[in-house]
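# Structure assessment
The chain contents come next:
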Amino acid sequence: MKYTYKTQGTCSSHIELEIENNIITDIAFWGGCNGNLQGLSRLVKGMSVNDVISRLEGVRCGRRSTSCPDQLCRALHEMGF
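Residues numbered from 1 in each chain as written. Predicted model: local features only at pLDDT ≥ 70, side-chain atom pairs only at ≥ 80, totals over all residues. Heavy atoms only, no water.

Across its full length, the chain holds three helices and three strands. In sequence order, the secondary structure elements of the chain are arranged as β-β-β-α-α-α. Here the chain has a C-alpha radius of gyration of 11 Å; the compact-globule value for 81 residues is 12 Å, and the two agree. Along the first, second and third principal axes, the C-alpha atoms of the chain reach 35 × 20 × 20 Å. Here the chain, with 81 residues, has 37% of them falling under the buried criterion. (Helix = DSSP H or I, 4+ residues; strand = E, 2+ residues; numbered from the N terminus. Rg over C-alpha atoms; globule rule 2.2 N^0.38 Å. Buried < 20%, exposed > 50% of the residue type's maximum accessible area, 1.4 Å probe, protein only.)

Looking now at the side chain of Thr 10. On the secondary structure map, Thr 10 appears in the loop between strand E1 (2-6) and strand E2 (14-20). In terms of polar contacts, Thr 10 uses its side chain to reach the backbone carbonyl oxygen of Ser 12, at 3.1 Å. With residues up to four places along the chain from it excluded, the contact list for Thr 10 reads Arg 64, Thr 66, Ser 67, Cys 68 and Gln 71. (Polar contact = N/O pair within 3.5 Å; in protein donor to acceptor, adjacent residues only side chain to side chain. Contact = heavy atoms within 4.5 Å.)

Taken residue by residue, a regular strand's side chains alternate between the two faces of the sheet. Sheet analysis places E2 next to strand E3 (residues 23-30), joined by seven bridges and oriented antiparallel. Paired with His 14 across the bridge in E3 is Trp 30. In this antiparallel pair of consecutive strands, E2 and E3, the connection spans two residues, and Asn 21 shows a positive phi of 55 degrees. (Pairing = 2+ DSSP bridges.)

So, about the nonpolar core. By size, the foremost hydrophobic cluster in this structure holds 21 residues, and its most contacted members are Val 44, Leu 72 and Leu 76. For this core, the secondary structure elements donating two or more residues are E2, E3, helix H1 (34-44), helix H2 (49-56) and helix H3 (68-78). Sort the elements by how many residues they give to this core and H3 lands first, with five residues. Other than its neighbours up to four places away in sequence, Leu 76 contacts Leu 17, Ile 19, Ile 24, Val 49, Val 52, Ile 53 and Phe 81. (Core = buried A, V, L, I, M, F, W, Y, C linked by side-chain atoms within 4.5 Å.)

Let us look at the pattern of salt bridges. The full count for this structure, using the stated rule, is two salt bridges. In this structure, Lys 45 engages Asp 26 in a salt bridge whose closest nitrogen and oxygen atoms are separated by 3.9 Å. Taken as a pair, Lys 45 in the loop between H1 and H2 and Asp 26 in strand E3 lie far apart in primary sequence, 19 residues in all. Judged by its relative accessible area of 46%, Lys 45 falls in the partly exposed class. For Asp 26, a relative accessible area of 38% corresponds to the partly exposed category. (Salt bridge = Lys/Arg side-chain N within 4 Å of Asp/Glu carboxyl O.)

This is the structure in structure tokens:
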């Protein structure tokens, strides 16, 4: 399943996801702090959706009320996970 999620309140503009059998098989964050997001992409690629949500949901970025990791979790919830 491929999905594109438009982020809100973060430095990235959107997240592109591909999930098969509840495993994140491909992910890309567009815009934002590229080096950190590349590291996050490498971290979650191959992880189960449930593990990503349990580890990253609610993570904040500085004084912002959300972050790219939190927005990833919101995207996964919007996808039905």
